[in-house]
Protein chains: 2
Amino acid sequence: MRNDFHGELDSLIQTLSQMCGLAGLAMERATQALLQADLPLAERVITDHDHLSLMQSQAEEAALLLLALQAPVAGDLRVVVSSMQNVADAERMGGLALHVAKIARRRHPDYAVPEEVNGFFAEMGRIAVDLGNNAKDVVLSRDPEQAAQIDRDDDAMDQLHRHLFTMMMDEKWKHGVAAAVDVTLLGRFYERFADHAAQIGRRIVFQVTGETPDI
Amino acid sequence: MRNDFHGELDSLIQTLSQMCGLAGLAMERATQALLQADLPLAERVITDHDHLSLMQSQAEEAALLLLALQAPVAGDLRVVVSSMQNVADAERMGGLALHVAKIARRRHPDYAVPEEVNGFFAEMGRIAVDLGNNAKDVVLSRDPEQAAQIDRDDDAMDQLHRHLFTMMMDEKWKHGVAAAVDVTLLGRFYERFADHAAQIGRRIVFQVTGETPDI
């Protein structure tokens, strides 16, 4: 019975890890679709998201079954419950990539963002992929050091996000209101993506150390 | 033992219900702070949010304890787990009210939004309060009819949100980029507030009917 439990729990954690990687991949593709006004790629991110949502439902059902049949306690119980919470964050990360892809699709064949801010979004996309991959690894390794890297990436994303706002508020912004609205939303999507990854990292650290890291 | 269980579960659900009401109240006050450039009220919303976050931690701990000590199965298990998920949504609703209050604080003594869109935000605030109060009631009544009202309010919020965007994209928008950035973010905060309330409503309907309502 206990072996069954740990086998099933491993499988839940593997699914979560895959979901983090897929969310990072979705944001990588969404960023490419955004910067290159690539409609087929945007469509692909949008369609692929169904798979991540399905993985979430299946993982939640698997976790409920684990709770019902095995009634884990103490540390095992916390791992099951926090894995369910992490699965929801990973799905949401994919949902934010979907939102980026939808803006790319809405503006096609135009580019959604002015060339001046392309560098920001390329960098935010790069950090998002890193965050997805780090979350993917941390979920398996449960290494607090590696989880700390997620927090550093989250800080880097916040800094880019703030800088983006400063640029738009500046009188030198010559791209008008419509572009500012898109850039505002896009910036928020990347920032939230990082927040969810950081949340996953913090839950892992809490499981291992019993302490919530400073935010 | 079973009576203990249902007493503890009731207490968890009461906390969740209170949290929904408090989130609605926070958005009511944040909206007032926004529309009247009322700094003390904005500060109050920001400070009060700690209480909601604390309620979330305590509710999550209570739910974990229920799972560990009572090992509920079937319907009872689903109610405990979905209450935990609902608690996270209610906390997030309060977090979005906090974001609205922070924009009001950042722009003080100026008004954050142009007078032209005041009516929109007043209406979005009114719907948000409704959503909070309906979620508060539905959590207790578990009435699918009442949950359907949450979905209708969510639709109304989406419509206002879209209309707001149309206004900003219009050439007649004379309030510049900075105001558009604030209005974009604010619109998103109200829309997400409604999404989280709708999510709570859908989980309740699923518990009662076993079916996820169409979104």
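Rules of the game
- Residues numbered from 1 in each chain as written.
- Chains lettered and ligands numbered in written order.
- Predicted model: local features only at pLDDT ≥ 70, side-chain atom pairs only at ≥ 80, totals over all residues.
- Heavy atoms only, no water.
- Core = buried A, V, L, I, M, F, W, Y, C linked by side-chain atoms within 4.5 Å.
- Buried < 20%, exposed > 50% of the residue type's maximum accessible area, 1.4 Å probe, protein only.
- Contact = heavy atoms within 4.5 Å.
- Helix = DSSP H or I, 4+ residues; strand = E, 2+ residues; numbered from the N terminus.
- UniProt positions renumbered as here; feature names shortened; annotations may be inferred.
- Expected span 1.5 Å × (residues − 1).
- Polar contact = N/O pair within 3.5 Å; in protein donor to acceptor, adjacent residues only side chain to side chain.
- Least-squares fit on C-alpha atoms with pLDDT ≥ 70 in both.
- Buried area = accessible area lost by both parts, 1.4 Å probe.
- Salt bridge = Lys/Arg side-chain N within 4 Å of Asp/Glu carboxyl O.
- Axes fitted to C-alpha atoms, helices over the stretch in contact; angles between N-to-C directions.
- Parallel < 35°, antiparallel > 145°, perpendicular 65-115°, else oblique.
- Left-handed = near helix turned anticlockwise from the far one by under 90°.
- Nonpolar A, V, L, I, M, F, W, Y, C, P; charged D, E, K, R; others polar.
- Phe/Tyr/Trp six-rings, centres within 6.5 Å; stacked < 30°, edge-to-face > 60°.

Student: Can you lay out the nonpolar core for me, pointing to particular residues and giving the numbers?
Tutor: If you look at the biggest cluster of nonpolar residues, it comprises 154 residues, and the most contacted ones within it are A:Leu34, A:Val113, A:Val117, A:Phe121, B:Val117 and B:Phe121. With near-sequence residues (within four places) excluded, A:Val117 lies in contact with A:Leu164, A:Met167, A:Trp173 and A:Val183.

Student: I'd like a rundown of unusual backbone geometry, residues and numbers included.
Tutor: All names here are of chain A. In this structure, Pro 109 follows His 108 across a cis peptide bond, with omega equal to 5°. Positionally, Pro 109 belongs in the loop between α3 (74-107) and α4 (118-141). For Arg 142, which is not glycine, the phi torsion reads 50° and is therefore positive. Along the chain, the position of Arg 142 falls in the loop between α4 and α5 (144-169).

Student: With reference to specific residues and values, describe the UniProt feature "domain: PhoU" (unreviewed entry) in chain A.
Tutor: Residue and element names in this part refer to chain A. The residues that UniProt annotates with the feature "domain: PhoU" (unreviewed entry) are residues 16-103 and 122-204. For residues 16-103, the helix share is 94%, the strand share is 0%, and the end-to-end C-alpha distance is 27 Å. A helix fraction of 90% and a strand fraction of 0% characterise residues 122-204, whose end C-alpha atoms lie 28 Å from each other.

Student: Can you lay out helix α6 (residues 176-209) of chain B for me, pointing to particular residues and giving the numbers?
Tutor: Residue and element names in this part refer to chain B. In a regular helix each residue adds 1.5 Å, so 34 residues correspond to 50 Å; α6 covers 49 Å between its end C-alpha atoms and thus fits that length. Counting buried residues in α6 gives 28 out of 34 residues, a clear majority hidden from the surface. Taken from the residues just after α6, Gly 210 is the one with a positive phi, measuring 75°.

Student: Account for the environment of B:Gln146, naming residues and giving values.
Tutor: Residues and elements named next belong to chain B. Checked against the element boundaries, Gln 146 lands in helix α5 (residues 144-169). Sequence spacing of Gln 146 and Val 205 is 59 residues, and the spatial spacing of their C-alpha atoms is 9.7 Å. Polar side-chain contacts of Gln 146 include one of 2.8 Å to the side chain of Ser 141.

Student: Please provide a residue-by-residue account of the relation of the copies chain A and chain B, values included.
Tutor: The operation relating the pair of chain copies consists of a rotation about an axis and a translation along that axis. Its rotation angle being 180°, the transformation that places chain A on chain B also includes 0.0 Å of axial translation and leaves an RMSD of 0.0 Å. Such a combination of turn and shift is consistent with a two-fold rotation axis. Taken as a fraction of all interface residues of chain A, those also at the interface in chain B reach 100%, which identifies the copy contact as same-surface.

Student: Quick rundown of the interface of chain A and chain B? Include the residues and the values.
Tutor: Contact with chain A, which involves 30 residues of that partner, is made by 30 residues of chain B. Taking both partners together, chain A and chain B bury about 2500 Å²; carbon and sulfur atoms supply 70% of that area. If you look at where chain A meets chain B, you find two salt bridges. Residue B:Glu61 is joined to A:Arg78 by a salt bridge in which the shortest nitrogen-to-oxygen separation is 2.9 Å. One can count four residue pairs in polar contact (both at pLDDT 80 or more) joining chain A with chain B. At the level of secondary structure, the elements contributing two or more residues to the side of chain A that touches chain B comprise α2 (39-70), α3, α5 and α6 (176-209) of chain A. Here the side of chain A that touches chain B takes 11 residues from α6(A), the largest share from any one element.

Student: Account for the packing of helix α3 (residues 74-107) of chain B against α6(B), with residues named and values stated.
Tutor: Residue and element names in this part refer to chain B. The geometry of α3 relative to α6 is characterised by a closest axis approach of 9 Å and an angle of 165° between their N-to-C directions. In terms of their interaxial angle, α3 and α6 are classed as roughly antiparallel. Viewed along their axes, α3 and α6 form a crossing whose handedness is left-handed. The class makeup of the residues in the contact of α3 with α6 is 15 nonpolar, seven polar and seven charged.

Student: Describe the packing of aromatic side chains, with residues and values.
Tutor: All names here are of chain A. Tallied over the full model, the rule gives two aromatic pairs over all chains. Aromatic pair Phe 121 and Tyr 190: ring centres 5.7 Å apart, planes at 50°, arrangement tilted. Here Tyr 190 lies in helix α6 and Phe 121 lies in helix α4, a separation of 69 residues in the sequence. Under the relative-accessibility criterion, Phe 121 is labelled buried at 0%.

Student: Would you mind going over the side chain of B:Glu191 in detail, with residue names and values included?
Tutor: In this structure, B:Glu191 sits in helix α6. Leave out the neighbours within four places in its chain, and B:Glu191 touches B:Met157, B:Asp158 and B:His161.

Student: Which residues make up the pattern of salt bridges, and what values go with them?
Tutor: Residue and element names in this part refer to chain A. Applying the stated rule across the entire model yields 22 salt bridges over all chains. Between Arg 203 and Asp 89 there is a salt bridge, with its nearest N and O atoms 2.7 Å apart. You can see Arg 203 sitting in helix α6 and its partner Asp 89 sitting in helix α3, a full 114 residues away along the chain. Grouping residues by exposure puts Arg 203 and Asp 89 together as buried. Its salt-bridge partner being Arg 188, residue Glu 191 comes within 3.2 Å of it at the nearest N-O pair. Of the two residues, Glu 191 and Arg 188 both sit in helix α6, three residues apart, roughly one turn of that helix. Summarising the burial analysis for this pair, Glu 191 and Arg 188 share the class buried. Residues joined in a network through salt bridges with shared partners are Arg 29, Arg 44 and Asp 48.

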